[in-house]
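As a plain string of letters, each chain reads:
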Amino acid sequence: MKYIPTNKFIQSRSLTTTINNLQEKEKSTPQYEVTFVKKNGERIKVTCNEGDSLLDVVLNNNLDFDGYGACGGTLTCSTCHVILKKEDFDRLPDTPTEEENDMLDLAYEYTDTSRLGCQIRITKDLNGLEVCLPSSINDARS
């Protein structure tokens, strides 16, 4: 008599393999720290993966920043506006695109070191990044 695995066995083994693969990927992805500073001075330090955008970092860490990233990173709202220290701003690997600058023009408390969090990807060089949040947001879609 030949043994034929049931669907439950196959599904269970497949799920275990998927979970193991995700855990291995997480272990192999470098982890870095980012600190968000709210306008009231509260500092929130979180861990994130290399390649995550600041929007990903907020979502993955379940941070409750009112309205942050309302458009999901499609460059249509400016709600993920962040303000960086000059030295951190200068460490960014790229400059804002025309589309990002258009959205930043609509952001509250815009400064020369403002960026949209959805456009900043975490790299080794940005480990320890400190990100200041404005006191309010402007959703350009409304």
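All figures in this text were calculated on a predicted structure; none of them were measured in a lab.

Conventions used here
- Residues numbered from 1 in each chain as written.
- Predicted model: local features only at pLDDT ≥ 70, side-chain atom pairs only at ≥ 80, totals over all residues.
- Heavy atoms only, no water.
- Core = buried A, V, L, I, M, F, W, Y, C linked by side-chain atoms within 4.5 Å.
- Buried < 20%, exposed > 50% of the residue type's maximum accessible area, 1.4 Å probe, protein only.
- Helix = DSSP H or I, 4+ residues; strand = E, 2+ residues; numbered from the N terminus.
- Contact = heavy atoms within 4.5 Å.
- Salt bridge = Lys/Arg side-chain N within 4 Å of Asp/Glu carboxyl O.
- Pairing = 2+ DSSP bridges.
- Disulfide = S-S within 2.5 Å.

1. What about the nonpolar core?
Link 1 in the chain: Counting residues in each nonpolar core, the largest one holds 27 residues, and the members touching the most others are V34, F36, L54 and Y68.
Link 2 in the chain: Put simply, the parts of the chain that give this core at least two residues each are β1 (31–37), β2 (43–49), α2 (54–60), β3 (81–84), α4 (98–104) and β5 (129–132).
Link 3 in the chain: Here the element with the most residues in this core is α2; it accounts for 4 residues.
Link 4 in the chain: Residues contacting V34, with those up to four places away along its chain left out, are I44, K45, V46, C48, L54, I122, L129 and V131.

2. What about unusual backbone geometry?
Link 1 in the chain: Even without glycine at this site, L75 takes up a positive phi of about 60°.
Link 2 in the chain: Tracing the backbone shows L75 in the loop between α2 and β3.
Link 3 in the chain: Phi is positive for E109, which is not a glycine, with a value near 60°.
Link 4 in the chain: Topologically, E109 is positioned in the loop between α4 and β4 (114–116).

3. Comments concerning the pattern of salt bridges
Link 1 in the chain: Inspection of every chain in the model, using the stated rule, returns 10 salt bridges.
Link 2 in the chain: E109 serves as the salt-bridge partner of K39, at 3.3 Å between the closest nitrogen and oxygen. On the criterion of sequence distance, the pair formed by K39 in the loop between β1 and β2 and E109 in the loop between α4 and β4 is long-range, its members being 70 residues apart.
Link 3 in the chain: Since its relative accessible area comes to 55%, K39 is described here as exposed.
Link 4 in the chain: Since its relative accessible area comes to 30%, E109 is described here as partly exposed.
Link 5 in the chain: In this structure, E130 engages R43 in a salt bridge whose closest nitrogen and oxygen atoms are separated by 2.6 Å. Note that E130 is positioned in strand β5 and R43 in strand β2, a separation of 87 residues in sequence.
Link 6 in the chain: On the basis of relative accessible area, E130 is assigned to the buried category, the value being 14%.

4. Topic: the pairing of β5
Link 1 in the chain: As judged from the 4 bridges shared by β1 and β5, these two strands associate in the parallel manner. Within the sheet, the bridge partner assigned to F36 lies in β5 and is V131.
Link 2 in the chain: Sheet analysis places β3 next to β5, joined by 2 bridges and oriented antiparallel. Paired with L84 across the strands is V131, a residue of β5.

5. Observations concerning the state of the cysteines
Link 1 in the chain: The full count for this structure, using the stated rule, is 0 disulfides.
Link 2 in the chain: Here C118 is not cross-linked by a disulfide; its sulfur's nearest cysteine counterpart is in C80, at 3.7 Å.
Link 3 in the chain: Given the relative accessible area of 8%, C118 is considered buried.

6. Thoughts on the pairing of β3
Link 1 in the chain: Of the two faces of β3, the one holding H81 and I83 and the one holding V82 and L84 are both buried throughout.
Link 2 in the chain: Here β3 runs beside β4; their pairing, made up of 3 bridges, is antiparallel. If you follow H81 over to β4, its bridge partner there is L116.

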